[in-house]
Amino acid sequence: MEQKSDTFLANAATAMNDTAAAQRRDIMAAFTPIIRQQSIDGFSSYEPTRKHLKRVRQHTLNHLAHYLAEFETQALANGNHVHFARTPQELNSTVLDICQQHSARRIAKGKSMVTEETGLTAELEKAGLQVIETDLGEYIVQQAGETPSHIVGPALHKSADDVRQLFLDIHPLGERELEHTSDMVAEAREVLRTHFLQAEVGIIGANALIAENGYAMLVTNEGNGDLCANLPPVLVICTTIDRVLPRAEDATAMLRLLVRSATGQPQTCYTSFYSGPRRAQDQDGPVEVHIVLLDNERSDILDSEYRGILECLRCGACLNHCPIYQSVGGHAYGWVYQGPMGSVLTPLLTSLEQSAALPNACTACGRCEEVCPADIPLPAMLRDLRAREYTEKLTPARWRFGIAAHAWLAQRPRLYHSLSGIAVKLLRLLGRRKGYLRHLPFAGGWSSQRDFPAPQAATFMQQLHDKQRRERQRHEH
Amino acid sequence: MSTEARSAIFARLQTASAEATANDILRESWALGHAPYPPLPCENTEQAFLTNVLSNRGTVDHAQDRSAAVKAIGRYLYTHYRTQRFVAGNDPRLAAMPWRDAGLLPRFGTVEVGEPLTVGFARLGVAELGATVSWTGKGNPSANNLLAEHHITLVDSADIVATSEDAWPRIQADMERIGRPRGINFVAGPSSTADIEGQLVCGAHGPRAWHVIVIGKLPKDALANALATTADK
Ligand code: SF4
């Protein structure tokens, strides 16, 4: 997928100027946290499960080479073909090879952020294959020529009217109303059913890989992933090396947090574990199964201070609770992953230079860390990335100068206090009539959007010193 | 390419992984223990199962024995489709059901496009999840879970367990007996989507309705209580 994170600020401005879309984001921002909270409130083991899962994930990542090798051994014993890909290009060409070996023309694809990351669909289409996304949200954005705006709900940026018009335009089904959402869902079901039945290859992602038995876990509500996994004669599972868990019970324990955090449900409608191609006793299922395991920088992340981001469950809770995501929406982030997790992951998977704006898209409110079921210190990681931007000189020179000047001053407390005292006095003086200032010197960008309230009193340190002086005097009397 | 990629990836992972022998790792993983016990909506496992199936937008019924189950299926088929026909997997437990008691006409095998009703026999019910669990195979072609409009699942009350931690050893025991099945499917509701404006619609790609019939002994009033609890919500 083409990356546009370097124009984050412009993307954000465009998104915020679209009033109707902003209203839809406001509605989502209001109700998604409520749904999650209700679900967590009804699950009294949330906190201990979170701690348990953290230990399991850390243990697995500490011994990833061991568990990945164990998964591979078991998956091969189950009759799968296991492939490794270092880069997105390697994954794409591996999958294309598989499709071409089977002279496939039609591909039914389930939701997979990994294949969004590698741009697989575009690559297969370039080779003349017809690839249809079958998750309803993914189908909508694919047909609209857009990209997902949310890792869980890819089309939540679109209104029902948008979808209605889209379906009327693209499905040659004659006169019809599509009045209700259920009519649109029924139409997509009808259209996609034919595709499922005709596809020669199914492509899905995996939410977890189980080392002890070589199964891949797939979680969906629609059942589209399972149709992709069961109907076409060839199945390709694309996922990343960090999805391994030691035991099957770890995967179901993880689901308790993942599903509640993502959609507020206690359990998704379909949770399936697939071991490989059809067995002698099977009446259906793929004849051949390939598992493609992508690295794409993850082994480097594993060896860095950002290892914790590999514990991400892809639940989307940090997006739903992030004031920046809520304001600017997912497309502003300019790549596959959005919100706080995207602002950490995108620079690590692509380059900090290309995505320098993302770690700064943070108010440091800490809500993301608070709601993250994997307990990932997202604000600290974002802060570290900002610090790296500074040391790698990616931060604009003006900012760097400001930060350096502040650091210099902060190391000279006396000078700092007297200068800040003068500045506060000056601001009080300038803002005394209205109680606020329209423009701030050296912070034109900040005050272009809001007024600065004039300080009401002296600086904190001055007030503290005054208080201490008064108390001393009282004691002396 | 893949072999080369594999070696390169494993070489990177080895450097990034902690140094430990397989035994150390095993010991460490044992020390992780199990996930904390998840809360159930009530003490009774069967009632908790029924309650959670209902909260997952499934519908439920109870039958004392196989003959009553057949009649319950008959009622469901009549109410929804005015039919006696449906498709069932080649599960010996389904084959042994007294279908004639309700004048039903099952076709055993894999569902074909356009056939609206399937009946399956789950291997387990998991109360914590409100889910039934079955494995793919002759007795349960995966298409039967996915392609029908209405999917009816039978489960023996003795096969209802409290949590997924209780389910895995049972699944494991079966695997030792019959080998690893191709698919282990936890179903917890009719297929659904909220991809358009967050509005929930049932019947996205799979069945629009999911009906669970528990066969065998249930604690007194378990079904009535489960229905009452969910009606309150
Ligand atoms: S970082 Fe945490 S909250 Fe965000 S998607 Fe990942 S697991 Fe969910």
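None of the values given here were measured: they were computed from a predicted structure.

Chemist: Outline the overall build of chain B, supporting the account with residue identities and numerical values.
Modeler: Of regular secondary structure, chain B possesses eight helices and 12 strands. Looking at chain B residue by residue over its 233 residues, the buried ones come to 55%. Counting only carbon and sulfur atoms, one obtains 52% of the accessible surface of chain B, whose full area is about 9800 Å². Where the 22 positive side-chain charges of chain B centre and where its 24 negative ones centre are 7 Å apart.

Chemist: Describe the overall build of chain A, naming the residues involved and giving the relevant values.
Modeler: Helices and strands together make up the secondary structure of chain A, namely 22 helices and 12 strands. Referenced to the eigenvectors of the C-alpha coordinate spread, the extents of chain A come out at roughly 95 × 55 × 45 Å. The buried share of chain A, taken over its 477 residues, is 56%. The long-range share in chain A, meaning contacts at least 24 apart out of those at least 6 apart in sequence, stands at 73%. Summed over all atoms, the accessible surface of chain A reaches about 20400 Å², with 54% contributed by carbon and sulfur. Side-chain charges of chain A comprise 50 positive and 54 negative groups, with the mean position of each set lying 13 Å from the other.

Chemist: Can you break down the site of the ligand residue by residue, with the values?
Modeler: Around the ligand, the neighbouring residues are Cys312, Leu313, Arg314, Cys315, Gly316, Cys318, Met341, Cys372, Pro373, Ile376 and Leu378 of chain A. Broken down by class, the residue content of the shell around the ligand amounts to nine nonpolar, one polar and one charged.

Chemist: Any details on the domain arrangement of chain A? Residues and values, ideally.
Modeler: Taken domain by domain, chain A comprises domain 1 (43–300), domain 2 (312–397) and domain 3 (410–476). Using C-alpha coordinates to define each centre, domain 2 of chain A is positioned 32 Å away from domain 3 of chain A.

Chemist: So what's going on with the sheet that holds strand β2 (residues 85–88) of chain B? Which residues, and what values?
Modeler: All names here are of chain B. Strand order across the open sheet formed by six strands is β1-β12-β7-β4-β2-β3, with parallel pairing between neighbours. Because the sheet does not close on itself, it has two edges, and the strands there are β1 (59–63) and β3 (105–108). Mean inter-strand twist for the sheet, computed between neighbouring axes without regard to direction, equals 25°. The sheet contacts of helix α4 (residues 66–81) involve β1, β2, β4 (117–121), β7 (150–156) and β12 (209–215), and relative to β7 the element is tilted by about 165°.

Chemist: Outline the nonpolar core, supporting the account with residue identities and numerical values.
Modeler: Judged by nonpolar contacts, the single largest core of 153 residues is most densely connected at Phe167 of chain A together with Ile171 and Ile184 of chain B. At seven residues, helix α12 (residues 248–263) of chain A tops the list of elements feeding residues into this core. Beyond its immediate chain neighbours, meaning those up to four positions away, Ile171 of chain B contacts Leu124, Val133, Trp135, Ile184 and Phe186 of chain B. Core analysis: the next-biggest nonpolar cluster, separate from the first, contains 21 residues, Ala72, Tyr76, Leu117 and Ala209 of chain B among them.

Chemist: Any chance you could break down the pairing of strand β2 (residues 106–109) of chain A for me, citing the residues and the numbers?
Modeler: All names here are of chain A. Looking at chain direction, β2 and strand β3 (residues 130–133) are connected through four bridges and run parallel. Within β3, the position partnered with Ile107 by the bridge is Val131. Here β2 runs beside strand β4 (residues 201–204); their pairing, made up of three bridges, is parallel. Within the sheet, the bridge partner assigned to Ala108 lies in β4 and is Gly202.

Chemist: Which residues make up the sheet that holds strand β9 (residues 183–187) of chain B, and what values go with them?
Modeler: Judged by pairing direction, the sheet is mixed, and its eight strands sit side by side in the order β8(A)-β5(A)-β6(A)-β9(A)-β9(B)-β6(B)-β5(B)-β8(B) without closing on themselves. A single partner strand is all that each edge strand has here, and the edge strands are β8 (244–245) of chain A together with β8 (160–161) of chain B. Sheet topology places strand β6 (residues 216–220) of chain A next to strand β9 (residues 270–274) of chain A; five bridges connect them, and they run antiparallel. Bridge assignment links Ala216 of chain A to a residue of β9 of chain A, and that residue is Tyr274 of chain A.

Chemist: Would you mind going over the pattern of salt bridges in detail, with residue names and values included?
Modeler: For side chains bearing opposite charge, pairing can occur when the charged atoms are close. Across all of its chains, the model carries 40 salt bridges over all chains by this definition. One salt bridge in this structure joins Asp161 of chain A and Arg164 of chain A, with 2.4 Å as the shortest N-O distance. In this pair, Asp161 of chain A and Arg164 of chain A both sit in helix α9 (residues 160–170), three residues apart, roughly one turn of the helix. With a shortest N-O distance of 3.5 Å, Arg75 of chain B and Asp61 of chain B are connected by a salt bridge. Of this pair, Arg75 of chain B sits in helix α4 while Asp61 of chain B sits in strand β1, placing them 14 residues apart in sequence. A relative accessible area of 17% means that Asp61 of chain B is categorised as buried. Because the salt bridges share partners, they merge into one network encompassing Arg123, Asp159, Arg170, Asp174 and Arg177 of chain B.

Chemist: Break down the interface of chain B and chain A for me, with residues and values.
Modeler: Where interface size is quoted, it is often the accessible area lost as the parts come together. Residue-level contacts link 79 residues of chain B with 102 residues of chain A. Summing the contributions of chain B and of chain A, the shared interface buries around 7300 Å²; its carbon and sulfur component is 55%. On the chain B side of the contact with chain A, Arg180, Arg182 and His205 of chain B bury the most area, a combined 13% of that side's loss. Seen at the junction of chain B and chain A, the total is nine salt bridges. Between Arg182 of chain B and Asp282 of chain A there is a salt bridge whose closest N-O contact spans 3.7 Å. In this assembly, chain B and chain A are joined by 50 residue pairs in polar contact (both at pLDDT 80 or more). Those elements that place two or more of their residues in the side of chain B that touches chain A are α1 (2–16), α2 (22–31), α6 (142–146), α7 (164–178), β9 and β10 (192–193) of chain B. No other element matches α1 of chain B, which puts 12 residues into the side of chain B that touches chain A. Broken down by class, the residue content of the side of chain B that touches chain A amounts to 37 nonpolar, 28 polar and 14 charged. Judged from the five bridges that link them, β9 of chain A and β9 of chain B form a sheet pairing that is antiparallel. What sits directly across from Thr271 of chain A, in β9 of chain B, is Phe186 of chain B.

Chemist: Any chance you could break down the packing of helix α3 (residues 46–62) of chain A against α12 of chain A for me, citing the residues and the numbers?
Modeler: Residue and element names in this part refer to chain A. Running from N to C, α3 and α12 point in directions that differ by 135°, and their axes come no closer than 10 Å. Taken together, α3 and α12 sit at an angle that is classed as oblique. Considering only the axes of α3 and α12, their crossing is left-handed. Between α3 and α12, the contacting residues are Tyr46, Thr49, Arg50, His52, Leu53 and Val56 on the first element and Asp250, Ala253, Met254 and Leu257 on the second. A class-by-class count of the residues in the contact of α3 with α12 yields six nonpolar, two polar and two charged.

Criteria and cut-off values
- Residue numbering note: each chain is counted from 1, following its sequence as written.
- Each chain is given a letter, starting from A, and each ligand a number, starting from 1, according to the order in which they appear as written.
- Per-residue local features of the predicted model are confined to residues with pLDDT of at least 70, and side-chain atom pairs are confined, for both listing and counting, to 80 or more; whole-chain, interface and lining totals are unaffected and use all residues.
- As a rule here, side-chain values cover all heavy atoms of the structure and leave hydrogens and water aside.
- Helical segments are the DSSP runs of H or I of at least four residues, strand segments are the runs of E of at least two, and each set is numbered from the N terminus.
- Only protein chains enter the accessibility calculation, which uses a 1.4 Å probe. A residue is then buried if its area is under 20% of the maximum for its type, exposed if over 50%, and partly exposed in between.
- Here the accessible surface of atoms and residues is derived via Shrake-Rupley with a 1.4 Å probe, and residues count as covered only by protein chains that are part of the display.
- Residues scored as charged are limited to Lys and Arg (positive) and Asp and Glu (negative), so that His and the chain ends carry no count.
- Note that the charge is assigned to NZ on lysines, CZ on arginines, CG on aspartates and CD on glutamates.
- Two residues form a contact once any of their heavy atoms are found within 4.5 Å.
- Here a residue is considered near a molecule or strand provided that any single heavy atom belonging to it is located within 4 Å of it.
- Polar here means any residue other than Ala, Val, Leu, Ile, Met, Phe, Trp, Tyr, Cys and Pro, which are nonpolar, and Asp, Glu, Lys and Arg, which are charged; Gly is therefore polar.
- The domain boundaries here were taken from an automatic or database domain assignment.
- Think of it this way: DSSP has to see at least two bridges between two strands before they count as a pair.
- Think of each axis as a best-fit line through the C-alpha atoms, taken over the contacting stretch in the case of a helix, with angles from 0 to 180 degrees between the N-to-C directions.
- Take the buried Ala, Val, Leu, Ile, Met, Phe, Trp, Tyr and Cys residues and link them wherever side-chain atoms come within 4.5 Å; each set so joined is a nonpolar core.
- Here, a salt bridge means any Lys or Arg side-chain nitrogen found within 4 Å of an Asp or Glu carboxyl oxygen.
- Summed over both partners, the accessible area lost on bringing two parts together, with a 1.4 Å probe, is the buried area.
- Polar contact is the term for a pair of N or O atoms within 3.5 Å; when the atoms are in protein, one must be able to donate a hydrogen and the other to accept it, and sequence-neighboring residues count only if both atoms are side-chain atoms.
- Working definition: roughly parallel below 35 degrees, roughly antiparallel above 145 degrees, roughly perpendicular at 65 to 115 degrees, and oblique for all remaining angles.
- In this scheme, a crossing is called left-handed if the near helix is turned counterclockwise away from the far one by less than a right angle; it is called right-handed if the turn is clockwise.

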